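Coordinates in review
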Amino acid sequence: MLQRVLPRLYPILDAGLLLRDGLSIEGFAHALRAAGIRFLQYRDKEAPDEVLLERAAMLRRIFPSSDSCLILNDRVSLLLSSGYDGLHVGQEDLPPATARALVGPEVLLGVSTHGERQLLSAENGPADYVAIGPVFATSSKAVPDPVVGLEGVRVARAFTTKPLVAIGGIGRANCAAVLAAGADSVAVISDLIPRPGNSVGEVVKEFFSQLGDHSQIS
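These numbers come from a predicted model, not from an experiment. (Residues numbered from 1 in each chain as written. Predicted model: local features only at pLDDT ≥ 70, side-chain atom pairs only at ≥ 80, totals over all residues. Heavy atoms only, no water.)

**Section: the overall build of the protein**
The secondary structure content of the protein amounts to nine helices and eight strands. What you see for the protein is a C-alpha radius of gyration of 16 Å, in line with the 17 Å of a compact globule of 218 residues. In terms of overall dimensions, the protein has a C-alpha envelope of 40 × 40 × 35 Å along the principal axes. Looking at the protein as a whole, 50% of its 218 residues are labelled buried. For the protein, contacts bridging at least 24 residues in sequence account for 60% of all contacts bridging at least 6. In the form shown here, the protein has an accessible surface area of approximately 9700 Å², with 54% of it arising from carbon and sulfur atoms. Distance between charge centres in the protein, computed from 20 positive and 24 negative side chains, equals 3 Å. (Helix = DSSP H or I, 4+ residues; strand = E, 2+ residues; numbered from the N terminus. Rg over C-alpha atoms; globule rule 2.2 N^0.38 Å. Buried < 20%, exposed > 50% of the residue type's maximum accessible area, 1.4 Å probe, protein only. Contact = heavy atoms within 4.5 Å. Areas by Shrake-Rupley, 256 points an atom, 1.4 Å probe, with all protein chains shown as cover. Lys, Arg positive; Asp, Glu negative; His and termini not counted. Charge placed at Lys NZ, Arg CZ, Asp CG, Glu CD.)

Printed below as a string of structure tokens:
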């Protein structure tokens, strides 16, 4: 089994966001892999279980376990069926201790936090890494939590010794500042989606340049 580590760029493929933009989930995934991505979270809040598992299997074919790490967002009951390497839970999902009991010790487990009390709980819990956010205003959640800013990242760094992932409104223009504030990784959703005049590959290359990270897994 590969030794999985968090890369500086933590990409999240949000199926609902892609479909609303008229983009192919499969095409986007292939473009990410061609750009060098080997670590990816799959988030699909709206799909029924059977559709999610079909899409999860497609992504697993594109990112095989032999050289990639796939994280499933939220859907704890589907983790084992998906064959994914990790699970990410939020504050409204199952508690990390319950999730860990269900998925076992080998699964990479992450938890979202939004303040000091949640950070302390995450530090003392079974999660392998901790996410803090939203760092900046974000449109990827219907009801976003209050923005924590770069100071929130600095506070989170002081609260946890675990790998720290910053999320929320992070793009090419501000990702380096987020790392400088203490994050080990930056989770990116919307800014991975190419706009007219550029490609997924160009976007990923810009992130790698800003973050000084050209490797996704070791």
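**Topic: the sheet that holds strand 7 (residues 164-167)**
One closed barrel accounts for eight strands, arranged 1-2-3-4-5-6-7-8; its pairing is parallel. Looking at each pair of strands side by side, their axes are set apart by 25 degrees on average, direction ignored. Sheet topology note: the strand 5 (residues 108-113)/strand 6 (residues 129-132) ladder contains four bridges and is parallel. Bridging from a neighbouring strand, Val 111 pairs with Val 130 of strand 6. Its contacts with the sheet place helix 7 (residues 149-159) against strand 6 and strand 7, and it is angled at close to 160 degrees to strand 7. (Pairing = 2+ DSSP bridges. Axes fitted to C-alpha atoms, helices over the stretch in contact; angles between N-to-C directions.)

**Digging into the environment of Leu 6**
You can see Leu 6 is positioned in the segment before strand 1 (9-14). Once the C-alpha coordinates of Leu 6 and Met 58 are considered, the two residues, 52 residues apart in sequence, prove to be 23 Å apart. In this view, Leu 6 contacts Phe 39, Leu 108, Tyr 129, Pro 163, Val 165 and Ser 185; residues no more than four positions away in its chain are not counted.

**Details of the pattern of salt bridges**
Across all of its chains, the model carries 14 salt bridges by this definition. With a shortest N-O distance of 3.0 Å, Arg 60 and Asp 85 are connected by a salt bridge. Pair noted here: Arg 60 is in helix 3 (residues 49-62) and Asp 85 is in the loop between helix 4 (79-82) and strand 4 (86-89), with a separation of 25 residues, a long-range link. Residue Arg 60 is classed as buried on the basis of its relative accessible area of 14%. Among the charged side chains, a network of salt bridges with common partners joins Arg 33, Arg 38 and Asp 67. (Salt bridge = Lys/Arg side-chain N within 4 Å of Asp/Glu carboxyl O.)

**Structural notes on the pairing of strand 6**
The side chains of a regular strand alternate, residue by residue, between the two faces of the sheet. Of the two faces of strand 6, the one holding Tyr 129 and Ala 131 and the one holding Val 130 and Ile 132 are both buried throughout. Where the polypeptide runs from strand 5 across helix 6 (residues 116-123) and back to strand 6, its parallel neighbour, the crossover connection is right-handed. By the bridge criterion, three bridges tie strand 6 to strand 7 in an arrangement that is parallel. If you follow Val 130 over to strand 7, its bridge partner there is Leu 164. (Right-handed = clockwise from strand over helix to strand, strands pointing away.)

**Topic: the packing of helix 2 (residues 25-34) against helix 3**
Helix 3 packs onto helix 2 with a crossing angle of 25 degrees between their chain directions and a minimal axis gap of 10 Å. Classified by the angle between their axes, helix 2 and helix 3 sit roughly parallel to one another. Once helix 2 is placed against helix 3, the crossing between them reads as right-handed. Residues Ile 25, Glu 26, Ala 29, His 30 and Arg 33 of helix 2 touch helix 3, and the partners they reach there are Arg 55, Met 58, Leu 59 and Ile 62. (Parallel < 35°, antiparallel > 145°, perpendicular 65-115°, else oblique. Left-handed = near helix turned anticlockwise from the far one by under 90°.)

**Focus on helix 3**
Taking 1.5 Å of rise per residue, the 14 residues of helix 3 would be expected to cover 20 Å, and the 20 Å separating its terminal C-alpha atoms lies within 8% of that figure. All buried positions along helix 3 are accounted for by Leu 52, Ala 56, Met 58, Leu 59, Arg 60 and Ile 62. Buried residues along helix 3 sit in contact with strand 1, helix 2, strand 2 (39-43), strand 3 (69-73) and helix 4. (Expected span 1.5 Å × (residues − 1).)

**Quick notes on the environment of Arg 60**
As for Arg 60 and Ser 82, which are separated by 22 residues in sequence, their C-alpha atoms are 8.3 Å apart. Here Arg 60 is in contact with Ser 65, Ser 68, Leu 70, Gly 83, Tyr 84 and Asp 85, once residues within four sequence places are set aside. Looking at Arg 60, its side chain comes within polar contact range of the main-chain oxygen of Gly 83, at 3.1 Å. (Polar contact = N/O pair within 3.5 Å; in protein donor to acceptor, adjacent residues only side chain to side chain.)

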